[in-house]
Amino acid sequence: MTMAVSVYRYNPDTDQKSRMQDYEIEIPGGRDLMVLDLLELLKEQDPSLSYRRSCREGVCGSDGVNMNGKNGLACITPLSEVVRANKLSIKPLPGLPVIRDLVIDLTQFYQQYERIKPYLINDAPQVAQERLQSPEDRKKLDGLYECILCACCSTACPSFWWNPDKFVGPAGLLQAYRFLVDSRDTATEERLAALEDPFSVFRCRGIMNCVSVCPRGLNPTRAIGHIRNMLLERAVQPSPPSS
Amino acid sequence: MPDSSAAKMVTQVTAMSRNGISDWLIQRLSALLLAFYTVSLVIWFLMTPSLSYDQWQALFDTSWVQVCALVGLLAACAHAWIGVWTCGSDYLSDHSLGARAVIFRFVYQTTSILILIVYLLWGINILWGT
């Protein structure tokens, strides 16, 4: 079966602006190929095509692309799920600068991730072994720690497109809540204080694009709602006496 | 490690309260007040099928209606300013327009706030003027 594929192309060394390049590609029958398999076939046909890939099983989060208008990981997205009328359009994840073809510059995405301090902060004296958690407290991290930072969610979010330097974005906020809710973390107040401005959290309008594209089935909108509730509780609680 | 200090501090002097949670609360509370005011007026319209100018004037001659209308007016202005400011900082951002964004935002925000001030003062004049 022959399929029409249109791929976003941009080479900063030779192109003034980006263009869509059309390919006709023979798809071997008998099994449902993933979009990454298709990209590999295209690469055989045109070795100048650039994209990121690594684990090819939805773990590393390298090959996030926009397929027929929807973000996802090329390696775990079957053609049958995205191809419409035997046509497929593949573009880089939207909203961030393109380095070349399907490869985008994720600096702003990682800066927002860095900003939420994605590590445990605990002021208590060091314990001899690991800091223990009850099974109930550990369960609160489910649906949060699984994020692979593929950027599919943040680059599907219009608020992140408009203010990528100020709005943390769904991926960063999911991780912010992962540390806010962690019973071993003692920096809740500092973390919330860093998020109370009009942009960091409150640019989320709850349109749930992030939820619909997350290849891990996570729900950043729910996590953002929890952060908002924590900020609300903090705002209505009397301030602790200053020491 | 790259310096991400630009992304750390976000202060917006023209935001309603310069605090996300306060703006969020004001917007939702004002929406509730506006909904209450609008629904009350609609109910009054439904209960007054043959509406005359005298009835309309009598309604707004009562103090509690004037107070409710003033609260509604203030809620509308606060709600509108937060919405207008948010839209402006989305579409007229430095990210999309570069350095000239500040000029566009200044004109947009000044025009918006002038319109809202005129709207508020005019409304007060209609409600409480002689």
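Residues numbered from 1 in each chain as written. Chains lettered and ligands numbered in written order. Predicted model: local features only at pLDDT ≥ 70, side-chain atom pairs only at ≥ 80, totals over all residues.

Can you help me understand the sheet that holds strand S3 (residues 64-67) of chain A in this one?
Sheet strands line up and pair through hydrogen bonds in the backbone, either parallel or antiparallel. Residue and element names in this part refer to chain A. An order of S2-S1-S5-S3-S4 is seen for the five strands of this open sheet, with the pairing classed as mixed. Edge strands, defined here as strands with exactly one partner in the open sheet, are strand S2 (19-26) and strand S4 (70-73). Going from strand to strand, the sheet's axes swing by 30 degrees on average, the running direction of each strand aside. With four bridges connecting them, S3 and S4 associate as antiparallel partners. By the bridge assignment for S4, Gly64 is matched with Leu73. Taken strand by strand, helix H1 (residues 35-45) contacts strand S1 (2-9), S2 and S3, and its axis lies near 95 degrees from that of S2. (Pairing = 2+ DSSP bridges. Helix = DSSP H or I, 4+ residues; strand = E, 2+ residues; numbered from the N terminus. Axes fitted to C-alpha atoms, helices over the stretch in contact; angles between N-to-C directions. Contact = placed C-beta atoms within 7 Å.)

Looking at this structure, I do not really get the packing of helix H3 (residues 107-115) of chain A against helix H6 (residues 169-180) of chain A. What am I missing?
Residues and elements named next belong to chain A. Between H3 and H6, whose axes approach to 9 Å, the crossing angle comes to 20 degrees. As the angle between them shows, H3 and H6 are arranged roughly parallel. The crossing of H3 and H6 is right-handed. Contacts from Gln112, Tyr113 and Arg115 in H3 reach Gly169, Ala171, Gly172 and Gln175 in H6. Its residues assigned to classes, the contact of H3 with H6 shows two nonpolar, four polar and one charged. (Parallel < 35°, antiparallel > 145°, perpendicular 65-115°, else oblique. Left-handed = near helix turned anticlockwise from the far one by under 90°. Nonpolar A, V, L, I, M, F, W, Y, C, P; charged D, E, K, R; others polar.)

Teacher, can you tell me more about the nonpolar core here?
Burial of nonpolar side chains together is a common tendency in soluble globular proteins. One finds Cys152(A), Leu173(A), Ala176(A), Val201(A) and Ile227(A) to be the most contacted residues of the largest nonpolar core, which totals 55 residues. Top element by residues in this core is H6(A). It accounts for seven residues. Mapping this core onto the domain boundaries places at least three of its residues in each of domain 1 (2-104) and domain 2 (107-236) of chain A. Setting aside its immediate chain neighbours within four residues, Val201(A) contacts Val168(A), Leu173(A), Leu195(A), Ile224(A), Ile227(A), Arg228(A), Leu231(A) and Gly20(B). (Core = buried A, V, L, I, M, F, W, Y, C linked by C-beta atoms within 7 Å. Buried ≥ 20, exposed ≤ 12 C-beta atoms within 10 Å, placed from the backbone. Domains from an automatic or database assignment.)

How do you make sense of the domain arrangement of chain A when you look at a structure like this?
The parts lose accessible area when they come together, and the size of an interface is often stated as this lost area. Residue and element names in this part refer to chain A. When its domains are assigned, chain A resolves into domain 1 (2-104) and domain 2 (107-236). A separation of 30 Å is found between the C-alpha centroids of domain 1 and domain 2. Taken together, the 14 residues of domain 1 in the interface contact 14 residues of domain 2. Here the side of domain 1 that touches domain 2 takes four residues from S4, the largest share from any one element. Residue composition of the side of domain 1 that touches domain 2, by class: seven nonpolar, six polar and one charged.

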